[in-house]
Amino acid sequence: MLKDEPPTSSGYFHIGIDYFDRAPNADGGVFYFGVQPGFTGAVHMGMFAPYFGLTFGFDHYAGTGKIADLAQANNVKTDANGFGFGLLFGLDLVFNPSVSAGIGAEIHPGFTTLDPGNGIKSQDLGHAALLFEGKYHF
């Protein structure tokens, strides 16, 4: 353990903006914005700190590109707001008690539902993400 480093740590805020290019040949994708307050706990083992976290909050998904424009022109809804829940885990490399960097992952199950209308089946929206992180600890 580094000098003056606590054996555990916690955090409580996560914000994300992602763009998922799901249909490259159709010129469209999905924009995601989420505000996810939550908790992260880490166990410091020398210079390494594996962590696990839970986040809860607001999700917004929106279709983008020409395919979304075409859908909207035909009165099909292409965006959804809802409840977000995330599971975080990863490994940080601790440089000093205030600075660390690491790699992690988020599993974000589909709790936000898109109901496009026009007789199209509803769809639950979720995603997984690979996280490259730099952290400053106050």
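All figures in this text were calculated on a predicted structure; none of them were measured in a lab.

Reading guide: rules and limits
- Each chain has its residues counted from 1, following the order in which its sequence is written.
- Local features in this predicted model are restricted to residues of pLDDT 70 or higher, and side-chain atom pairs are both shown and tallied only at a pLDDT of 80 or more, whereas totals for entire chains, interfaces and linings draw on every residue.
- Hydrogens are left out, water is left out, and the side-chain values use all remaining heavy atoms of the structure.
- Counting from the N terminus, the helices are the DSSP runs of H or I reaching at least four residues and the strands are the DSSP runs of E reaching at least two.
- Categorising residues by exposure relies on relative accessible area from a 1.4 Å probe, with only protein chains included: less than 20% of the type maximum marks a residue as buried, more than 50% marks it as exposed, and the intermediate range marks it as partly exposed.
- Note on contacts: a residue pair is in contact if any heavy atoms of the two residues lie within 4.5 Å.
- Exposure was quantified through the Shrake-Rupley algorithm and a 1.4 Å probe, taking into account, for residues, occlusion by the shown protein chains and nothing else.
- Among buried residues, the Ala, Val, Leu, Ile, Met, Phe, Trp, Tyr and Cys ones that are joined through side-chain atoms within 4.5 Å form a nonpolar core.
- Stacked, tilted and edge-to-face pairs are distinguished by plane angle, under 30 degrees for stacked and over 60 for edge-to-face with tilted covering the rest, among Phe, Tyr and Trp rings (Trp via its six-membered ring) whose centres lie within 6.5 Å.
- Sitting over a ring, as applied to charges here, requires NZ of Lys or CZ of Arg to be within 6 Å of the ring centre and within 35 degrees of the ring normal.

Q: Tell me about the overall build of the protein, and please be specific about residues and values.
A: Counting secondary structure elements, the protein contains 1 helix and 8 strands. From first element to last, N terminus to C terminus, the protein shows the α and β order β-β-β-β-β-α-β-β-β. Expressed as a percentage of its 138 residues, the buried residues of the protein come to 33%. At a minimum sequence separation of 6, the contacts of the protein that also span at least 24 residues come to 58%. Surface summary for the protein: the accessible area is close to 8,300 Å², and the carbon and sulfur share equals 64%.

Q: Which residues make up unusual backbone geometry, and what are the values?
A: With the exception of glycine, the majority of residues adopt a negative phi angle, and the majority of peptide bonds are in the trans configuration. Backbone geometry places Asn75, a non-glycine residue, at a positive phi of 60°. Tracing the backbone shows Asn75 in the loop between α1 (65-73) and β6 (79-96). Notably, Asn118 is not glycine yet its phi reads approximately 55°, a positive angle. Position of Asn118 relative to the elements: it lies in the loop between β7 (99-114) and β8 (123-136).

Q: Lay out the nonpolar core in plain terms, naming residues and giving numbers.
A: Soluble globular proteins: nonpolar side chains tend toward being buried together. By size, the foremost hydrophobic cluster in this structure holds 7 residues: Ala42, Ala49, Tyr51, Leu88, Val94, Ala129 and Leu131. Those elements that provide at least two residues to this core are β5 (48-64), β6 and β8. Counting residues in each nonpolar core, the second largest holds 5 residues, with Tyr32, Tyr61, Ala80 and Leu114 among its members.

Q: Talk me through the packing of aromatic side chains; I want residue IDs and the actual numbers.
A: Following the criterion strictly, the structure yields 5 aromatic pairs and no others. Its end group placed over the ring of Tyr51, Lys135 keeps NZ or CZ at 4.0 Å from the ring centre.

Treat this as a map of the structure, not an account of what it does.
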